[in-house]
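# Residue-level structure breakdown
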Amino acid sequence: MAENGEEKLLAMARHIAKTLGNNDNMADDILQIFSNFDGRFSREKLASDDERTRSCAALELSLKSLDRRISQYVAADHPIWAYSADSAAFLNLIDDLIATIRDWTPMADDKSVSVCLARAEDLMQQAMFRLEDEFRSLVERGGESRKLNRAFRGESNGALSFESGDDEEEEDEVIGDGEEHQIPTAQPIGDYDIVIDALPSGTINDLHEIAKRMVAAGFGKECSHVYSSCRREFLEESMSRLGLQKLSIEEVQKTPWQDLEDEIERWIKSSNVALRILFPSERRLCDRIFYGLSSAADLSFMEVCRGSTIQILNFADAVAIGSRSPERLFRILDVFETLRDLMPEFELVFSDQYCLFLRNEANTIWKRLGEAIRGIFMELENLISRDPPKTPVPGGGLHPITRYVMNYLRAACRSRQTLEQVFEDSAAVSHQPKVDDRASSSPMSVQMAWIMELLESNLEAKSKIYGDSALCCVFMMNNGRYIVQKVKDSELGSLLGDDWIRKHTAKIRQYLVNYQRSSWNKVLGVLKPESGSLSPSAAVKSMKEKLKLFNIYFEEICKTQSNWVVFDDQLRDDLRISLVKILLPAYQSFIGRFQNVPEIGRHDKYIKYTSEDIDAKINGLFRGSRGSAGTGGGRK
């Protein structure tokens, strides 16, 4: 009943409009008033069957006209954009087709309209295919022009260069631009304030007009795809020219380290150019072509840069998950620092949601590199702890592990700021040596102190393989002195603190005292005065025996210790002076007492060494044999 009532109401409205309207236009105006007054009087419902028939006929006529004219352009065997008049006409026809489909879609329930719309959609698809081809051709021709005439290269001297050609003006005429393009001059690679105009301005404007139509027609993804496929090739070629090879993670890990170091150097340069010049230039190009079409611009940019970005990140990831061998630290630090410094560029260039996964991946790999650096220090700890006490270093000289570890740490501390960041990010440090409060506040200080403690423990274990306790002390003096000097002359000093240096300097002095006791107490004991009273003959005999023993002991020590080595000149002088100070007065006092015995008098035949001889002998100590000097001498 309600439906019949509404139909009667609509029929009444049609009758009023037909009666009052003097012509079709007036009748349409009256129907429009009804439609505005009450939603039940929609224009579609008020239209009479005749009107519907007439409207469908008009739609068919319009579509036939559009089909005929659009098909001429679709079938054309020459580029439509070769002539500005053709391109403008083609775009206007597409605008008309889009408007027709949009206006008639609300009446798609009508069977005749639905059939017409299906034909219109088919025509639209044909037009879009041709528009896609024209879009691709414009991108490729424009890119080829820039590639030939402003070739972007990674020069061996680290400069970016752009070359100009004589056919620039001719190319601009073909694409209908007409404006003059300024050619950038070569700039050093350290100056990244460069934007590459990959396409001429006229071409960009044409592409923008095409993109607007394709997005409006519902072909935005197809437009993004064809754009990205063309620009991706240009970007990959640019990366190749910079020397960055396409290597999988497995290939990177199989590359010999020496070769990989060269690849890392190329990666650093390529990554900086990509993130600071190439990608921002592509972002700018996308934003110009897809101006006002933010979703299409973001999708296109992501598709263009995704492959090259993943190539950059995969290389860094392969380095991060590779071997933790200590010698790799410095190059991994380079990769870590490069990615860290480029993180703001990742955030800026890949700021949209389509690129979120690239930002996240870059951040993940950067953190993974930090884990690799911490892992390398753990490997260094293992290397020190597990280095066995094998053959002793001849003459108690400097052990190779001491030189290796100290020079390694000194070199590592040149990247102190980076290492501080890496260790700050670490959850906790497993082992903490007893260091002063100031140093312990820094995780890196704790790490360095722990390595020093491991090294000291390892050296103490190695010293025990010497059969002579005095030589053990010389070994610890040599290595302790080297360690303290390396600490004082580098960032290690400020990391470990003055208390650490004082403590270990005191240890060296204690080793010196222990050496003197081990080597010379027996000699000094011989030179001590006799306790109690002896008969003159017994005193004479005792002093002769003591002098004989002194000569034997002194000669043995000098012969043995002349092959020992003290690498540090100052330490060697300090050791000699301390020996002269304790030995020479005792010897002179003994000789004085010996010569005052009446039965002996000044018979020099009993005295083998003068004071000058003693001094000279002591000064001849710790020179080391050729073998020991080569092993334990020569500080570096």
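What counts and what doesn't
- Residues numbered from 1 in each chain as written.
- Predicted model: local features only at pLDDT ≥ 70, side-chain atom pairs only at ≥ 80, totals over all residues.
- Heavy atoms only, no water.
- Helix = DSSP H or I, 4+ residues; strand = E, 2+ residues; numbered from the N terminus.
- Buried < 20%, exposed > 50% of the residue type's maximum accessible area, 1.4 Å probe, protein only.
- Contact = heavy atoms within 4.5 Å.
- Areas by Shrake-Rupley, 256 points an atom, 1.4 Å probe, with all protein chains shown as cover.
- pLDDT = per-residue confidence, 0-100.
- Core = buried A, V, L, I, M, F, W, Y, C linked by side-chain atoms within 4.5 Å.
- 1 Å grid on protein atoms, 1.4 Å probe; cavity = no way out; pocket = protein on both sides within 12 Å on 5 of 7 lines; lining within 4 Å.
- Points joined across faces, edges and corners; volume = space filled by probe spheres on them.
- Salt bridge = Lys/Arg side-chain N within 4 Å of Asp/Glu carboxyl O.
- Polar contact = N/O pair within 3.5 Å; in protein donor to acceptor, adjacent residues only side chain to side chain.
- Axes fitted to C-alpha atoms, helices over the stretch in contact; angles between N-to-C directions.
- Parallel < 35°, antiparallel > 145°, perpendicular 65-115°, else oblique.
- Nonpolar A, V, L, I, M, F, W, Y, C, P; charged D, E, K, R; others polar.
- Phe/Tyr/Trp six-rings, centres within 6.5 Å; stacked < 30°, edge-to-face > 60°.
- Lys NZ or Arg CZ within 6 Å of the ring centre and 35° of its normal.
- Left-handed = near helix turned anticlockwise from the far one by under 90°.
- Expected span 1.5 Å × (residues − 1).
- Disulfide = S-S within 2.5 Å.

We now examine the overall build of the protein chain. Within the protein chain one finds 25 helices and three strands. In the protein chain, which comprises 636 residues, the share counted as buried stands at 48%. When contacts within the protein chain are restricted to residue pairs at least 6 apart in sequence, those whose partners lie at least 24 apart make up 76%. Accessible surface, the protein chain as shown: approximately 31700 Å² in total, 49% of it carbon and sulfur.

Averaged over all residues, the pLDDT of the protein chain equals 80, while 76% of them reach at least 70. pLDDT under 50 marks residues 148-190. Its contacts with residues more than four places away, or in other chains, come to 77 contacts.

Okay, the side chain of Arg-130 next. Considering the arrangement of structural elements, one finds Arg-130 in helix H6 (residues 111-149). Under the relative-accessibility criterion, Arg-130 is labelled buried at 10%. In this structure Arg-130 touches Tyr-73, Val-74, Ala-75, Ala-76, His-78, Pro-79, Ile-80 and Phe-90, once residues within four positions along its chain are discounted.

Let us now look at the nonpolar core. Judged by nonpolar contacts, the single largest core of 168 residues is most densely connected at Phe-135, Phe-279, Phe-377 and Tyr-515. Non-local contacts of Phe-279, meaning those with residues more than four positions away in its chain, are made with Leu-235, Ala-274, Phe-301, Cys-305, Ser-308, Thr-309, Ile-312, Val-349 and Phe-350.

A few words now on empty space enclosed by the protein. A complete count under the given rule lists four cavities of 30 Å³ or more for this structure. By volume, the largest cavity is sized at about 140 Å³. What lines the largest cavity is a set of 14 residues, among which Glu-456, Gly-480, Ile-483, His-504 and Lys-507 lie closest to the centre. At the level of elements, helix H18 (443-463), helix H19 (469-488) and helix H21 (498-527) are the ones that each hand at least two residues to the lining of the largest cavity.

Bringing the pattern of salt bridges into the picture now. For the structure shown, the criterion picks out 29 salt bridges. Within the structure, one salt-bridge network assembled from shared partners comprises Asp-95, Glu-209, Lys-212 and Arg-213.

What follows is about the side chain of Arg-576. One can find Arg-576 in helix H23 (residues 569-596). Among the polar contacts listed, one links the side chain of Arg-576 to the backbone oxygen of Asn-619, at a separation of 3.1 Å. With residues up to four places along the chain from it excluded, the contact list for Arg-576 reads Ile-618, Asn-619, Leu-621 and Arg-623.

Below, the discussion takes up the packing of helix H15 (residues 400-412) against H18. In contact at an axis separation of 11 Å, H15 and H18 are set at 170° when each is read in the N-to-C sense. Classed by the angle they form, the pair H15 and H18 counts as roughly antiparallel. The residues of H18 that touch H15, namely those facing Ile-401, Thr-402, Val-405, Met-406 and Leu-409, are Met-448, Ile-451, Met-452, Leu-455, Asn-458, Leu-459 and Lys-462. When grouped by side-chain class, the residues that make up the contact of H15 with H18 number nine nonpolar, two polar and one charged.

Attention shifts here to the environment of Thr-100. Turning to its location among the elements, Thr-100 is positioned in helix H5 (residues 84-104). A C-alpha to C-alpha distance of 8.3 Å links Thr-100 and Ala-120, two positions 20 residues apart in sequence. A polar atom in the side chain of Thr-100 sits 2.8 Å from the backbone oxygen of Asp-96.

Within the structure shown, the criterion is met by 19 aromatic pairs. Taking the centre distance of 5.3 Å and the plane angle of 75° together, the rings of Phe-377 and Phe-423 count as edge-to-face. Within this pair, whereas Phe-377 is found in helix H14 (residues 356-386), its partner Phe-423 is found in helix H16 (residues 416-425), the two being separated by 46 residues in sequence. With centroids separated by 6.1 Å and ring planes inclined at 50°, the aromatic side chains of Trp-520 and Phe-554 adopt a geometry described as tilted. Separated by 34 residues along the polypeptide, Trp-520 in helix H21 and Phe-554 in helix H22 (residues 536-561) bring together distant segments of the chain. Taken as a pair, Trp-520 and Phe-554 share a single burial class, namely buried. Cluster of aromatic residues (ring-pair linked, three or more members): Trp-520, Phe-550, Phe-554, Tyr-587 and Tyr-609. Lys-522 extends its terminal NZ or CZ atom over the ring of Tyr-553, reaching a point 4.4 Å from the ring centre.

A word on the packing of H21 against H23. For any two helices packed against each other, one specifies the crossing angle of their axes together with the interaxial distance. The geometry of H21 relative to H23 is characterised by a closest axis approach of 11 Å and an angle of 20° between their N-to-C directions. In this view, H21 runs roughly parallel relative to H23, as classed from their interaxial angle. Two packed elements cross with a definite hand, and for H21 against H23 that hand is right-handed. Here H21 contributes Ile-508, Leu-512, Tyr-515, Gln-516, Trp-520, Val-523, Leu-524, Val-526 and Leu-527 to the contact with H23, which in turn contributes Leu-571, Leu-575, Ser-578, Leu-579, Ile-582, Leu-583, Ala-586, Tyr-587, Phe-590 and Arg-593. Among the residues making up the contact of H21 with H23, the classes are represented as 16 nonpolar, two polar and one charged.

Before going further, it helps to examine H19. The first and last C-alpha atoms of H19 sit 28 Å apart over 20 residues, in line with the 28 Å expected at 1.5 Å per residue. Across the 20 residues that make up H19, a large majority, 18, are buried. You can read the cap of H19 off the contacts: a side-chain oxygen lies 2.8 Å from the backbone nitrogen of Ala-470, and it is on Asp-468.

Moving on to the state of the cysteines. Applying the stated criterion to the full structure yields zero disulfides. Free cysteine: Cys-286, not disulfide-bonded; nearest cysteine sulfur from Cys-305 at 7.1 Å. Owing to a relative accessible area of 0%, Cys-286 belongs among the buried residues under this scheme. Cys-472 supplies the cysteine sulfur nearest to Cys-473, a cysteine that is in no disulfide, at a spacing of 5.3 Å. On the accessibility criterion, Cys-473 (8% relative accessible area) is buried.

Along the chain, the position of Tyr-609 falls in the loop between H23 and helix H24 (611-619). Looking at Tyr-609, the relative accessible area reads 9%, which means it is buried. Counting along the chain gives 58 residues from Tyr-609 to Asn-551, while the straight-line C-alpha distance between them is 8.0 Å. The contact partners of Tyr-609, leaving out residues within four places of it in the chain, are Asn-551, Phe-554, Glu-555, Tyr-587, Ile-614 and Lys-617. Engagement of the side chain of Tyr-609 in a polar contact is seen with the side chain of Glu-555, the distance being 2.7 Å.

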